[in-house]
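# Close look at the chain arrangement
If you want the building blocks of each chain, they are given just below.
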Amino acid sequence: MPRQPIGEKPMTDAERQARYLAARAAGTPLIRIRQPTDHRSRIRRWQDAVAALTALQAEYAAWLEALPANLQDSTTAEALQAICDLDLGELQAIEPPRGFGRD
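The following paragraphs examine the structure supplied in this document. (Residues numbered from 1 in each chain as written. Predicted model: local features only at pLDDT ≥ 70, side-chain atom pairs only at ≥ 80, totals over all residues. Heavy atoms only, no water.)

### Overview of the overall build of the protein chain
For the protein chain, the helix and strand inventory stands at four helices and zero strands. Going residue by residue from the N terminus, the α and β elements of the protein chain occur as α-α-α-α. Taken over C-alpha atoms, the radius of gyration comes to 25 Å for the protein chain, far larger than the 13 Å a tight globule of 103 residues would show. In terms of overall dimensions, the protein chain has a C-alpha envelope of 65 × 55 × 20 Å along the principal axes. Taking the intrachain contacts of the protein chain between residues at least 6 apart in sequence as the baseline, contacts between residues at least 24 apart amount to 49%. Carbon and sulfur atoms form 57% of the exposed surface of the protein chain, whose accessible area is close to 9300 Å². Taking the average location of the 13 positive side-chain charges in the protein chain and that of its 14 negative ones, the two points are 21 Å from each other. (Helix = DSSP H or I, 4+ residues; strand = E, 2+ residues; numbered from the N terminus. Rg over C-alpha atoms; globule rule 2.2 N^0.38 Å. Contact = heavy atoms within 4.5 Å. Areas by Shrake-Rupley, 256 points an atom, 1.4 Å probe, with all protein chains shown as cover. Lys, Arg positive; Asp, Glu negative; His and termini not counted. Charge placed at Lys NZ, Arg CZ, Asp CG, Glu CD.)

Spelled out as structure tokens, the structure:
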């Protein structure tokens, strides 16, 4: 998600550079926020993604069952039914390769 502009319009490159140099000259500490690195293995990320899809499918099934009678023939119900009809068992059965030399 991009950062919100500070002013009414985006700064030009020259304005951004001048602001940066003025802050460095004033001794303002530089604050950098880094996104945490995902240290999970590919296998673990795959398993987590499949688990998330399975959980979402269960939520959509509950939503489909809770739809009122007047919405059973709507496009929402059709989309929910299509999601519930997906066979995630094939995805769950896949075991990704462990990597070079560890197969």
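What follows picks up the thread again.
### Here we look at helix H1 (residues 13–26)
Between the first and last C-alpha of H1 there are 20 Å, a value that for 14 residues agrees with the 20 Å anticipated at 1.5 Å per step. Trailing H1 by a residue or two, Gly 27 shows a phi angle of about 85°, which is positive. (Expected span 1.5 Å × (residues − 1).)

### Some words on the pattern of salt bridges
Evaluated as defined, the whole model comprises four salt bridges. Ionic pairing is found between Asp 38 and Arg 40, a salt bridge with its closest N-O pair at 2.9 Å. Judged by relative accessible area, which is 40%, Asp 38 ranks as partly exposed. With a relative accessible area of 37%, Arg 40 lands in the partly exposed category. In this structure, Asp 48 engages Arg 40 in a salt bridge whose closest nitrogen and oxygen atoms are separated by 2.4 Å. Here the salt bridges share partners, and the residues they tie into one network are Asp 38, Arg 40, Arg 44 and Asp 48. (Salt bridge = Lys/Arg side-chain N within 4 Å of Asp/Glu carboxyl O. Buried < 20%, exposed > 50% of the residue type's maximum accessible area, 1.4 Å probe, protein only.)

### A closer look at the packing of aromatic side chains
Within the structure shown, the criterion is met by one aromatic pair. Positioned over the ring face of Tyr 20 is Arg 24, at 4.8 Å from the centre of the ring. (Phe/Tyr/Trp six-rings, centres within 6.5 Å; stacked < 30°, edge-to-face > 60°. Lys NZ or Arg CZ within 6 Å of the ring centre and 35° of its normal.)

### Focus on helix H2 (residues 42–66)
Here H2 spans 36 Å end to end across 25 residues, near enough to the 36 Å set by a 1.5 Å rise per residue. Inspection of H2 places Ile 43, Val 50, Gln 57 and Leu 64 among the buried residues, and these make up the whole buried set.

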